[in-house]
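Spelled out, the chains give:
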Amino acid sequence: MLRFFLCFRALFLFVVISCFVSPVFGVVNYITNNCFDSIDSACDATRRQCEAVLGKVFTGWYDTNGDYIENLTTYNGDATAGCKNGKFAVVVKAPANGKFAVKREFTGSIDIDWGDNSAVETSTNKDNTGKTTNHTYATPGHVYVVVLDNVSATNYAGYSGYANVSFPTNPSAILNIHGSLGALFPTNTSFSANNQSPRFYNAFASATNLVGPLPPNLFRGITVKVSGMFAQTFNGCSSLSGYLPPTVFDSNLTTNAQSYSNNIFNGTALVTSCPADTYEVATSISKSYLNNKVACELCPLHATALAGSTSIGACVCPTNSTLNNSQTECVCDSGYTWDGSVCSASGCAVMYNGVCAVDCSDANMNVLKTASGLTIPVWGNKLTTPA
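Not measured: the values here are computed from a predicted model. (Residues numbered from 1 in each chain as written. Predicted model: local features only at pLDDT ≥ 70, side-chain atom pairs only at ≥ 80, totals over all residues. Heavy atoms only, no water.)

A. Just the overall build of the chain, in detail. Within the chain, the secondary structure is distributed over five helices and 19 strands. Expressed as a percentage of the 387 residues in the chain, the buried residues total 44%. Pairs at least 24 apart in sequence give 69% of the contacts found in the chain among residues at least 6 apart. Here the chain displays about 17800 Å² of accessible surface, and carbon together with sulfur accounts for 51% of that area. (Helix = DSSP H or I, 4+ residues; strand = E, 2+ residues; numbered from the N terminus. Buried < 20%, exposed > 50% of the residue type's maximum accessible area, 1.4 Å probe, protein only. Contact = heavy atoms within 4.5 Å. Areas by Shrake-Rupley, 256 points an atom, 1.4 Å probe, with all protein chains shown as cover.)

Put into structure tokens, the structure is as follows:
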């Protein structure tokens, strides 16, 4: 009887304390249209960026009315992930005069879907000189998603002060970007040596309302270095915060020369030291050429780390658990459990306070069952400490 009381008391304390923990995010319903290759812990934690596959691009999160959610960190409700055909998307909040534009500097064509049910425009240029395609939105203040796709390039600009694509008209209207510019403009080794890779000089400069995180594979597919390719790309994006995704640059790109990425993140609020529960990882461009901004990786599931950690070895698993062989998750040691059967994998650490415990040994009373049918294990040792 005493054993049962101790088990039940531990569960009671756990349930009571858990009731006062408010989730940071609302419930997220993932659509099943093959947009996502996978929903990993990084995507789930940020509730913003997932990798698009099969020709689709993730376009952001939407509420039940279909309206774009600008800030998921303060949102509380159902959210659905959106996808559209395309490789790159720019989320735009139409300015007071409704004007926005896409400028391109490469030989060839690109399709522009302005996101307001107007006809898709095909912008064609016969040489590398700049061409600007203008658009006026009918409803100032409304959020639109501009999707860029179907680039047919016969040559990239061979000058360091050029950008394959940029947004010179009301850049402060940009809220988010999604997808991969490298998928839109991959390295093309059939071009001359100075034209093989795209350039993004000042591409998002002065987009003061652009927030992070940046897409996880923003420049993947760009493997050959050319002068000025990332110079000042995000210069003056003062609202761009968080940390760089580890895969932001292609792993085959080695551009440790400052002229290739001079001041790419100048004036942004991206961190220079990784936050708690993450660790710093190197990108193919040295951070000394990235305005000392750092790329960070989330610790394995359930593990924690101090702010400023610089290796996965700084990630510590909870008591009675060990990092698995693939270094993706802390798993309970033999004889202990946090019973993932009653919660989603990403919720277990919160539900059970990140503690691996021994099941209640009373064979007649080791689970409780709720009215909805949910089975909750009763632990043999306490999971919480009373206030």
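B. Layout of the state of the cysteines. Evaluation of the coordinates by the stated rule reveals three disulfides. What pairs with cysteine 299 in a disulfide is cysteine 315, and their sulfur atoms sit 2.0 Å apart. Looking down the S-S bond of the cysteine 299 and cysteine 315 bridge, the torsion is -75°, so its handedness is left-handed. Here cysteine 299, found in the loop between β15 (295-298) and β16 (321-323), pairs with cysteine 315, found in the loop between β15 and β16; they are 16 residues apart in sequence, far enough to count as distant. (Disulfide = S-S within 2.5 Å.)

C. Summary view of the sheet that holds strand β5 (residues 99-104). Spatial ordering of the open sheet is given by β8-β5-β10, a layout of three strands whose pairing is antiparallel. Where the open sheet ends on each side, the last strands, each with one partner, are β8 (131-136) and β10 (165-166). (Pairing = 2+ DSSP bridges.)

D. Inspection of the sheet that holds strand β7 (residues 121-125) at higher detail. Spatially, β7-β6-β9-β4-β11 is the arrangement adopted by the five strands of the open sheet, whose pairing is antiparallel. Bordering the open sheet on either side are β7 and β11 (174-179), each of which pairs with just one other strand. Recorded for the sheet is a direction-independent mean angle of 20° between the axes of neighbouring strands. By the bridge criterion, six bridges tie strand β4 (residues 88-93) to strand β9 (residues 143-156) in an arrangement that is antiparallel. Considered in β9, the bridge of lysine 93 is made with valine 143. (Axes fitted to C-alpha atoms, helices over the stretch in contact; angles between N-to-C directions.)

E. Molecular detail of the pattern of salt bridges. For the structure shown, the criterion picks out five salt bridges. With a closest N to O distance of 3.4 Å, aspartate 149 and lysine 87 form a salt bridge. With a gap of 62 residues between them, aspartate 149 in strand β9 and lysine 87 in the loop between β3 (79-85) and β4 connect regions that are remote in the sequence. Under the relative-accessibility criterion, lysine 87 is labelled partly exposed at 35%. When the shortest N-O distance is used, the salt bridge between lysine 287 and glutamate 280 registers 3.0 Å. With a relative accessible area of 37%, lysine 287 lands in the partly exposed category. (Salt bridge = Lys/Arg side-chain N within 4 Å of Asp/Glu carboxyl O.)

F. Representation of unusual backbone geometry in the model. Proline 213 follows glycine 212 through a cis peptide bond whose omega is 0°. When you line up the elements, proline 213 lands in the loop between α3 (181-184) and β12 (241-242). Of note in this structure, serine 206 is not a glycine but carries a positive phi near 70°. The topology assignment puts serine 206 in the loop between α3 and β12. A positive phi angle is found at asparagine 263, which is not glycine, with a value near 60°. According to the relative accessible area criterion, asparagine 263 is partly exposed, its value standing at 26%.

G. The arrangement of the environment of valine 224 in detail. With respect to the secondary-structure elements, valine 224 resides in the loop between α3 and β12. Accessibility expressed as a relative area gives 21% for valine 224, which makes it partly exposed. Excluding residues within four positions of it along the chain, valine 224 makes contact with Thr187, Thr189, Gln196, Ser197, Met229 and Leu253.

H. Molecular detail of the packing of aromatic side chains. What the rule picks out here adds up to 17 aromatic pairs. Seen in terms of ring centroids, phenylalanine 88 and phenylalanine 204 are 6.4 Å apart; in terms of plane orientation they differ by 50°. Their pairing is tilted. One end of the pair, phenylalanine 88, is in strand β4; the other, phenylalanine 204, is in the loop between α3 and β12, with 116 residues separating them in the sequence. Overall, phenylalanine 204 belongs to the buried group, its relative accessible area being 1%. Between the aromatic rings of phenylalanine 230 and phenylalanine 249, the centroid separation amounts to 5.3 Å while the plane-to-plane angle is 50°, which identifies the pairing as tilted. In this pair, phenylalanine 230 sits in the loop between α3 and β12 while phenylalanine 249 sits in the loop between β12 and α4 (258-261), placing the two residues 19 residues apart along the sequence. Assigned by exposure class, phenylalanine 230 and phenylalanine 249 land together as buried. (Phe/Tyr/Trp six-rings, centres within 6.5 Å; stacked < 30°, edge-to-face > 60°.)

Geometric descriptors of this kind do not, in isolation, establish any biological role.
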